[in-house]
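# Structural overview
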Amino acid sequence: MTVRGTPRVTMYGRPGCHLCEQAAEVIARVCADLGEEWVEISVDDDPALREEYGEEVPVTLVDGRRHDFWRVDETRLREALTRTP
């Protein structure tokens, strides 16, 4: 992923998490289709993030607001990203 601007989508996850891998695939596909940026952050790299999100990963934020956790609904993500931030 090439970062051109501020990502609208942030996914908090952890390496080796199968739900995180599935969520990343959906996010990558939707963001590519819509020309949006996204970033993936490992909760294992930050004790505060691990405390906040550790049991719910993957956690997806859109425009800084919590959007989904555990699974990413592709239709719902597309709808959120087609609204004006």
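Conventions adopted
Residues numbered from 1 in each chain as written. Predicted model: local features only at pLDDT ≥ 70, side-chain atom pairs only at ≥ 80, totals over all residues. Heavy atoms only, no water. Pairing = 2+ DSSP bridges. Helix = DSSP H or I, 4+ residues; strand = E, 2+ residues; numbered from the N terminus. Axes fitted to C-alpha atoms, helices over the stretch in contact; angles between N-to-C directions. Left-handed = near helix turned anticlockwise from the far one by under 90°. Contact = heavy atoms within 4.5 Å. Nonpolar A, V, L, I, M, F, W, Y, C, P; charged D, E, K, R; others polar. Buried < 20%, exposed > 50% of the residue type's maximum accessible area, 1.4 Å probe, protein only. Phe/Tyr/Trp six-rings, centres within 6.5 Å; stacked < 30°, edge-to-face > 60°.

### What to know about the pairing of strand E4 (residues 65-69)
Pairing of strand E3 (residues 59-62) with E4 involves four bridges; the strand directions are antiparallel. Within E4, the position partnered with Leu 61 by the bridge is Arg 66. Hairpin connection of E3 to E4: two residues between the antiparallel strands, including Asp 63 at a positive phi of 55°.

### Let's talk about the packing of helix H1 (residues 18-34) against helix H3 (residues 74-82)
Running from N to C, H1 and H3 cross one another at 35°; their axes reach a closest spacing of 10 Å. Between H1 and H3 the crossing geometry is right-handed. Taken together, the residues of H3 that come into contact with H1 (itself represented by Val 26, Ile 27, Arg 29, Val 30, Cys 31, Asp 33 and Leu 34) are Glu 74, Leu 77, Arg 78, Leu 81 and Thr 82. Per-class residue counts for the contact of H1 with H3 are seven nonpolar, one polar and four charged.

### Some details on unusual backbone geometry
Glycine aside, the phi torsion of most residues is negative, and most peptide linkages are trans. Between Val 57 and Pro 58 the backbone carries a cis peptide bond, its omega angle lying at 0°. Within the element layout of this structure, Pro 58 appears in the loop between helix H2 (47-53) and E3. In this structure, Asp 63 is a non-glycine residue whose phi angle is positive, near 55°. Take Asp 63: it is sitting in the loop between E3 and E4. Here Asp 63 falls in the partly exposed class, since its relative accessible area comes to 36%. At Trp 70, a residue that is not glycine, the phi angle is positive and equals roughly 70°.

### Section: the packing of aromatic side chains
Under the defined criterion, the tally for this structure stands at two aromatic pairs. Considering the side-chain rings of Tyr 12 and Tyr 53, the 4.6 Å spacing of their centres and the 15° angle between planes classify their relative orientation as stacked. In this pair, Tyr 12 sits in strand E1 (residues 9-13) while Tyr 53 sits in helix H2, placing the two residues 41 residues apart along the sequence. Overall, the relative accessible area of 12% leaves Tyr 12 in the buried class.

### Considering the sheet that holds strand E2 (residues 38-42)
In spatial order, the strands read E2-E1-E3-E4; together these four strands make up an open sheet with mixed pairing. The sheet is open, and its two edges are formed by E2 and E4, each paired on a single side. Going across the sheet, the axis of each strand differs from the next one's by a mean of 25°, ignoring polarity. Pairing analysis gives five bridges linking E1 to E2, with the strands arranged parallel. Its bridge partner lying in E2, Thr 10 is registered against Val 39. Sitting on the sheet, H1 is in contact with E1, E2 and E3, with an inclination near 170° to E1. Packing of H3 onto the sheet brings it into contact with E1, E3 and E4, and relative to E4 it is tilted by some 165°.

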